[in-house]
Amino acid sequence: MAITLYDFELSGNCYKLRLLMSALKLRYDIVPVDFYPGRQHKADWFLRMNPFGQLPVLKDDDLILSDSGAILAYLARKYDEASLWFPDDPAVTAEILRWHSVADDITATSSAARLALGYGYDFDIAKTQKGAHRIFRLMDEHLWFGEREGRDWLCSPAHPTTADIACFPYVMLSEEGGVGREDYPALRRWTDRVRRIPGFVVMSGIFPAGRAL
Amino acid sequence: MTLSLTDPTWYPIASSDDLPFRHVYQGQLLGRELAVWRADDGNVNVWENRCLHRGVRLSIGVNEGGELKCQYHGWRYANRSAGCTYIPAHPADAPARRIQNRTYPVREAYGLIWSAANDDQVFQPFPGAEGNDWFPLRPMPVNAAPEDVLAALASLAPDDQPADLLPGLTLHFGDTYYFVQPVDAGRSVIRGLLSAQPDSATLRHCNETLSKLRDRVERAAAKKPAPEPLNPAFEKVSAELSTMPEIAVPRGNTLTVVVKRKWTSADGVIGFELAPRDGHLPTFQPGAHIDLHLPNGLIRQYSITNGPGDLMSYIIGVKQESASKGGSKVLVESVREGDLLSISEPRNNFPLRRDATRTVLIAGGIGITPLLSMARFLDKSSLNYELHYFTRAGDVAFRSELEALNGKVIFHTGLPREQIGSTIASALGEWSLAQHVYVCGPSAMLETVRATAASQGWPEASIHFEYFKNDKVIDNSSAFEVELARSAMTLQIPSGKTILEVMRDNGLTVPSSCEQGACGTCLTTVMEGEVDHQDVYLNDSEKRSNTCMMTCVSRAKSARLVLDI
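Scoring rules and cut-offs
- Residues numbered from 1 in each chain as written.
- Chains lettered and ligands numbered in written order.
- Predicted model: local features only at pLDDT ≥ 70, side-chain atom pairs only at ≥ 80, totals over all residues.
- Heavy atoms only, no water.
- Helix = DSSP H or I, 4+ residues; strand = E, 2+ residues; numbered from the N terminus.
- Rg over C-alpha atoms; globule rule 2.2 N^0.38 Å.
- Areas by Shrake-Rupley, 256 points an atom, 1.4 Å probe, with all protein chains shown as cover.
- Lys, Arg positive; Asp, Glu negative; His and termini not counted.
- Charge placed at Lys NZ, Arg CZ, Asp CG, Glu CD.
- Contact = heavy atoms within 4.5 Å.
- Buried area = accessible area lost by both parts, 1.4 Å probe.
- Salt bridge = Lys/Arg side-chain N within 4 Å of Asp/Glu carboxyl O.
- Polar contact = N/O pair within 3.5 Å; in protein donor to acceptor, adjacent residues only side chain to side chain.
- UniProt positions renumbered as here; feature names shortened; annotations may be inferred.
- Pairing = 2+ DSSP bridges.
- Axes fitted to C-alpha atoms, helices over the stretch in contact; angles between N-to-C directions.
- Domains from an automatic or database assignment.
- Buried < 20%, exposed > 50% of the residue type's maximum accessible area, 1.4 Å probe, protein only.
- Arc of directions from axis to C-beta.

1. Here's the deal with the overall build of chain A
Inference 1: In terms of regular secondary structure, chain A is built from 7 helices and 4 strands.
Inference 2: In chain A, the order of α-helices and β-strands from amino to carboxyl end is β-α-β-α-β-β-α-α-α-α-α.
Inference 3: Here the C-alpha atoms of chain A give a radius of gyration of 17 Å, agreeing with the 17 Å that 2.2 N^0.38 yields for 213 residues.
Inference 4: The dimensions of chain A, computed from C-alpha atoms along their principal axes, are 50 × 45 × 30 Å.
Inference 5: With the model as given, the accessible surface of chain A reaches about 9500 Å², and the carbon-plus-sulfur share is 54%.
Inference 6: Averaging the positions of the 25 positive and the 29 negative side-chain charges in chain A gives two centres separated by 3 Å.

Quick look at the structure:
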């Protein structure tokens, strides 16, 4: 087994895979892709691996995969012997995929606002920010009721799943897109819990949480 | 209604449940951003949400239980006082400068955290507050002016039971109170209190009602011009803050404390708990001591044993020595619980680095007191340390406090003299980079630790010590001239008088504490001349450098000294 991650250090979507592989204690190689300002994800050699021209791409021996949510599911199914990160139960699978889809919406809003403010992308900033707030409100509500019902994570199992990893980075990086999280206290508490998962690693812009022993 | 930055009203700013263990909550009231956190002792802190260093939000910081650590450069601030306790860029120095963050008043009541822009009003429970088991609803942020939100809430009341409008953006109907938290001119949070514990259907129903109300109010607000946000002024913090010279605390600046508790901790060691008459005591750092003004006029120094952010009282340990010159003797024999004493503000000449890979703490007898405090700080920050505590046979002072620590605490009780040296040698081990040892105890033991450490490769800068007293015989026979460069004064020091005394005679206010060359308070920079060091505070290389001296005992070998005073 030899895993290679085509990675951009500042990409939250690449970070999702680094995070899960760290939690699973997987060894992997990194090939840096200069997303900004080099736009290497639109270079021919990259498009041959992923014609959609999006990071991340992961190679496991000869298998080439793209889309962070799909790769999270793959890594969890293949390498998580305890089957906790992406359990087999059909109802839980549906729950997780539902939140993977929310994660894509967070990318389209919170991450887009960040790309517009920090990386010169021509997106409608006000619209993407508003969209991020709409999602965060719903997440805060979901998590607040979760705390009342004894559920600490986005999905019903009593442990984190790939859903939490998929949604986490662009929630944490939202301030770089001008989206504050002060109105979402339950969402902020959830980010503390994610940052206390054993094997948690940081990326630029995401600080560790203190211990809570 | 216009919001005012100086509105003294108490408003709820969070639910109690918003402050779980080791979390930092981000809030806002009347335009001011707040970092809100609960310390491990249960105390809730409401602070201005910025680090005094570079202005980074403290709400992204780390709640270490007794201190809040800024994420940016690791400045730490104490529970209750918000005083700065540690600056990692200056790991060997105590941040004794008066660096203190802005705090706001706080009360926790009825499941909510309340705060106000200032101290002008006493906290008053809302009418009907007492006698109910209140449940706070999920807070509902609304992007609309507080008065519009209040009006919309009033419209929720049934026609036959109109809402009862109360002061402070509050209203009540049925068994529910609603408080509107004025976040800013155009932003609010609805905080509802139910008078009994609800079932989950009720909670969902309330949340749905308030969500719909929020959407309606926000749609209306979007059609109006946005109100001008409040514009709170921030006090400027000097950019030089971290390199500013220490502000000298004049000797006369004392606090009155009450002896809250006095107990026998171990054979010959009496514990004293000293509490303020109201509020909390000043910030201190691990290793700090206070001057205690005794009823018989003597002044003695005692180390603070407390852990981080523990400011409701200072706990000191006093050894009753048979050879006591009337210092600890009067404390032990005549000071009783309930008595008032004067103490100085804490001063730290024995600062603890928190960037070590390994910290060895070595205590002999009553020398445990500063090291207990250090161990408690390291413990809360989950830093690696070993505490070796040497005592004579018999009971061990502060045993229960030491056993409550999570780190490595080793008791060496009643060791024969010849074993002490080898035990110290193996406790220290060989030195490697970023290891530090701190030692406090009898002079003979300090000498052993210093010599052993040096022989095992520990550089002087990694050996930190605090003597109880200076056992050396002071030779004060020399006479010389001292020029005070900043004060533009030249003083003649006759034999029999200290530099410190002559400076005082000439009207200068200079800080000092033990006045026997042990505590380090009167440390002064030397610009010219050769110093005759007679203290036990400076280490050998500091003495050789001839750049600093203790004016309480040390003198001149040359005819003239120039000091940076």
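2. Details of the interface of chain B and chain A
Inference 1: Residue-level contacts link 33 residues of chain B with 21 residues of chain A.
Inference 2: Taken together, the two surfaces of chain B and chain A that pack against each other cover about 2500 Å², and 45% of this comes from carbon and sulfur.
Inference 3: With a shortest N-O distance of 2.9 Å, Asp140(A) and Arg138(B) are connected by a salt bridge.
Inference 4: Summed over the shared surface of chain B and chain A, the result is 12 residue pairs in polar contact (both at pLDDT 80 or more).
Inference 5: Looking at the side of chain B that touches chain A, the elements with two or more residues in it are β2 (24-29), β11 (135-136) and α2 (200-223) of chain B.

3. Concerning the UniProt feature "domain: GST C-terminal" (unreviewed entry) in chain A
Inference 1: Per the UniProt record, "domain: GST C-terminal" (unreviewed entry) is found at residues 89-212 of chain A.
Inference 2: Between the end C-alpha atoms of residues 89-212 of chain A the distance is 31 Å, and the span holds 60% helix and 0% strand.

4. Focus on the sheet that holds β2(B)
Residue and element names in this part refer to chain B.
Inference 1: The strand order across the open sheet built from 3 strands is β2-β3-β4, with neighbouring strands paired in antiparallel fashion. Each edge of the open sheet is held by one strand with a lone partner, namely β2 and β4 (44-48). On average, adjacent strands in this sheet sit at an angle of 30° to one another, irrespective of strand direction.
Inference 2: Of the strand pairs in this sheet, strand β3 (residues 32-38) and β4 are connected by 5 bridges, and their pairing is antiparallel. Of the residues in β4, the one forming a bridge with Val36 is Val46.

5. Observations regarding the domain arrangement of chain A
Residue and element names in this part refer to chain A.
Inference 1: Under the domain assignment used here, chain A contains domain 1 (3-79) and domain 2 (90-195).
Inference 2: Spacing between the C-alpha centres of domain 1 and domain 2 amounts to 21 Å.
Inference 3: Counting from both sides, the interface comprises 16 residues of domain 1 and, opposite them, 15 residues of domain 2.
Inference 4: Summing the contributions of domain 1 and of domain 2, the shared interface buries around 1300 Å²; its carbon and sulfur component is 65%.
Inference 5: The interface formed by domain 1 and domain 2 holds 0 salt bridges in total.
Inference 6: In this structure, the connection of domain 1 to domain 2 is made through 4 residue pairs in polar contact (both at pLDDT 80 or more).
Inference 7: Only α1 (12-23) and α3 (68-79) provide two or more residues apiece to the side of domain 1 that touches domain 2.

6. A look at the domain arrangement of chain B
Inference 1: When cut into domains, chain B gives domain 1 (11-223), domain 2 (254-344), domain 3 (358-467) and domain 4 (480-563).
Inference 2: The gap between the C-alpha centroids of domain 2 of chain B and domain 4 of chain B is 29 Å.

7. Describing the environment of Ala43(A)
Inference 1: Inspection of the secondary structure assignment puts Ala43(A) in the loop between β2 (29-32) and α2 (44-49).
Inference 2: C-alpha separation for the pair Ala43(A) and Gly53(A), spaced 10 residues apart in sequence, amounts to 8.2 Å.

8. Notes on the environment of Ile362(B)
Residue and element names in this part refer to chain B.
Inference 1: With respect to the helices and strands, Ile362 occurs in strand β23 (residues 358-364).
Inference 2: Overall, the relative accessible area of 0% leaves Ile362 in the buried class.
Inference 3: Taking C-alpha positions, Ile362 is 55 Å from Ser195, a pair spaced 167 residues apart along the chain.
Inference 4: In contact with Ile362, other than residues within four places in its own chain, are Leu371, His388, Phe390, Leu428, Val437, Tyr438, Val439, Cys440, Met445 and Val449.

9. Quick notes on helix α1 (residues 146-154) of chain B
Residues and elements named next belong to chain B.
Inference 1: Every buried residue of α1 is listed here: Pro146, Val149, Leu150, Ala152 and Leu153. Relative to the axis of α1, the buried residues are bounded by an arc of 160° and lie together on one face.
Inference 2: Where α1 is buried, its residues contact β12 (140-142), β13 (164-166), β14 (170-173), β15 (176-184), β16 (187-194) and α2.

10. A word on the pairing of strand β19 (residues 289-293) of chain B
Residue and element names in this part refer to chain B.
Inference 1: Here β19 lies mainly inside the structure; 4 of its 5 residues are buried.
Inference 2: In the sheet, β19 pairs with strand β20 (residues 299-303) via 5 bridges, with the strands oriented antiparallel. Considered in β20, the bridge of Ile290 is made with Tyr302.
Inference 3: Counting the residues between successive antiparallel strands, the hairpin from β19 to β20 contains 5 residues, one of them, Gly297, with a positive phi of roughly 90°.
Inference 4: In this sheet, strand β22 (residues 340-344) lies alongside β19 in antiparallel orientation, the contact comprising 2 bridges. Counted as the bridge partner of Leu292 is Ile343 from β22.

11. Description of the sheet that holds strand β3 (residues 57-60) of chain A
All names here are of chain A.
Inference 1: Taken in spatial order, the 4 strands line up as β2-β1-β3-β4 in an open sheet, and their pairing is mixed. In this open sheet, the two strands that pair with only one neighbour each are β2 and β4 (63-66). If you compare each strand with its neighbour and ignore which way they point, the axes differ by 20° on average.
Inference 2: Relative to β4, β3 runs antiparallel, the two sharing 4 bridges. Looking across to β4, one finds that Val57 is bridged to Ser66.
Inference 3: Set on the sheet, α3 makes contact with β1 (3-7), β3 and β4; between it and β3 the angle comes to about 25°.

12. What about the side chain of Asp379(B)?
All names here are of chain B.
Inference 1: The residue Asp379 is located in helix α4 (residues 368-380) in this model.
Inference 2: The charged side chain of Asp379 is buried without a salt bridge, its nearest counter-charge being Lys380 at 6.8 Å.
Inference 3: There is a polar contact of 2.5 Å between the side chain of Asp379 and the side chain of Tyr385.
Inference 4: In contact with Asp379, not counting residues within four places along its chain, are Tyr385, Leu405, Asn406 and Gly407.

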